[in-house]
Amino acid sequence: MSKNVKIPVTFHDITTVLMWDDSYNKDDVRSRIPCGKTVSYWLARAFTLANLKKYADRGQYALCFFYQKKLPTTEESLKELQEHYLKEIRKLKKEVSQNTLSAAIDIKSIIEPVELKIDIMPCPPVLMFVRLNMLCDEAHSELRKLYQFGTITKSDYFRKRRELFKPLNKFRADFASTVTEAGKLLRSLTAKEATNDASS
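Just so we're clear, the structure is a prediction, and the values are computed from it rather than from any experiment.

S.K.: Explain the side chain of Thr-178 to me, please; I cannot follow it from the model alone.
M.R.: Tracing the sequence through the fold places Thr-178 in helix H6 (residues 154-199). For Thr-178, a relative accessible area of 11% translates into the label buried. Those residues in contact with Thr-178 that lie beyond four places of it in its chain are Phe-66, Tyr-67 and Lys-70.

Okay, here's the thing in structure tokens:
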């Protein structure tokens with residue numbers, strides 16, 4: 001893997017902070033879906049394996065081939081999700097601007113940003129994923145404004161928040177399944193080699 005870099009990222013709610021890195025949860029509760037930090041590491045590893053020119057063993061060759069097939073689809077999903085959240089942001093910003101109170105109240109008194117320095121490998125799928133998390137956070141920030149300014153009810157806010165987070169959560173869960181699939185492939189190859197070694 002190439003060198004990691006630390007980049008500054010601002011989240012506007014503890015929920016999106018925890019979606020990125022569940023180690024910030026003071027109660028030490030972990031989501032069943034891997035957090036963004038974990039997924040970004042997996043994406044970096046997948047990118048590295050897919051771009052290998054020399055292989056240490058048959059297992060590494062198999063993983064290289066596996067991720068060469070999977071990464072284009074993953075990157076396409078990330079691109080589509082970015083477009084989805086950009087549309088949501090535009091729609092929500094329009095709704096916020098239609099509430100006359102939005103100009104009268106300083107939102108900074110209600111929403112406190114959380115600034116993080118995240119440690120990532122700067123490769124295309126990882127940077128796409130980081131941007132996706134930032135777009136989801138921005139959309140959620142606009143949704144929160146609708147609730148704080150009295151445009152929607154609390155139950156509406158929580159229902160819409162679940163819907164808003166669902167595509168990002170699904171991507172994280174789907175990529176976790178891809179990593180599990182890669183692990184099974186590697187284990188089956190290792191078991192096969194062990195059987196061949198024992199019989200020779």
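S.K.: Hey, could you run me through the side chain of Asp-13 in this one?
M.R.: Along the chain, the position of Asp-13 falls in the loop between strand E1 (5-11) and helix H1 (14-20). Residue Asp-13 is classed as buried on the basis of its relative accessible area of 9%. In this structure Asp-13 touches Asp-137, His-140 and Arg-144, once residues within four positions along its chain are discounted.

S.K.: Mind showing me how you'd approach helix H3 (residues 58-97) here?
M.R.: One turn of the α-helix equals 3.6 residues, which is why residues spaced by three or four share an orientation. The end-to-end C-alpha distance of H3 is 58 Å, a good match for the 58 Å that 40 residues give at a rise of 1.5 Å each. In the structure, H3 departs most strongly from a straight axis at Lys-70, where the bend amounts to approximately 35° and where the proline Pro-72 lies between one and four residues downstream. Residue Asp-57 occupies the N-cap position of H3, its side-chain oxygen lying 3.1 Å from the main-chain nitrogen of Gly-59.

S.K.: Explain the packing of H3 against helix H5 (residues 124-148) here, please?
M.R.: A pair of packed helices can be characterised by two numbers: the angle between their axes and the separation between those axes. Between H3 and H5, the least distance of the axes is 9 Å, while the angle of their chain directions is 20°. The angle between the axes of H3 and H5 places the two elements in the roughly parallel class. As for how H3 packs across H5, the hand of that crossing is left-handed.

S.K.: Teacher, can you tell me more about the state of the cysteines here?
M.R.: Throughout the structure, instances matching the rule amount to 0 disulfides. Cys-35 carries a free sulfur, and the closest cysteine sulfur to it, the one in Cys-136, is 14 Å from it. There is no disulfide at Cys-123, and the cysteine sulfur nearest it, in Cys-64, is 15 Å away. The class of Cys-123 is buried, set by a relative accessible area of 2%.

S.K.: How should I be thinking about the pattern of salt bridges in this particular structure?
M.R.: Scanning all chains against the criterion turns up 10 salt bridges. A salt bridge links Lys-91 to Glu-88; its shortest N-O distance comes to 3.6 Å. Highlighted residues: Lys-91 and Glu-88, both in helix H3, separated by 3 residues, approximately one helical turn. According to the relative accessible area criterion, Lys-91 is partly exposed, its value standing at 44%. For Glu-88, a relative accessible area of 19% puts it in the buried group.

Thresholds applied
- Residues numbered from 1 in each chain as written.
- Predicted model: local features only at pLDDT ≥ 70, side-chain atom pairs only at ≥ 80, totals over all residues.
- Heavy atoms only, no water.
- Helix = DSSP H or I, 4+ residues; strand = E, 2+ residues; numbered from the N terminus.
- Buried < 20%, exposed > 50% of the residue type's maximum accessible area, 1.4 Å probe, protein only.
- Contact = heavy atoms within 4.5 Å.
- Expected span 1.5 Å × (residues − 1).
- Bend = angle between axes of the 7 residues up to and from the residue.
- Polar contact = N/O pair within 3.5 Å; in protein donor to acceptor, adjacent residues only side chain to side chain.
- Axes fitted to C-alpha atoms, helices over the stretch in contact; angles between N-to-C directions.
- Parallel < 35°, antiparallel > 145°, perpendicular 65-115°, else oblique.
- Left-handed = near helix turned anticlockwise from the far one by under 90°.
- Disulfide = S-S within 2.5 Å.
- Salt bridge = Lys/Arg side-chain N within 4 Å of Asp/Glu carboxyl O.

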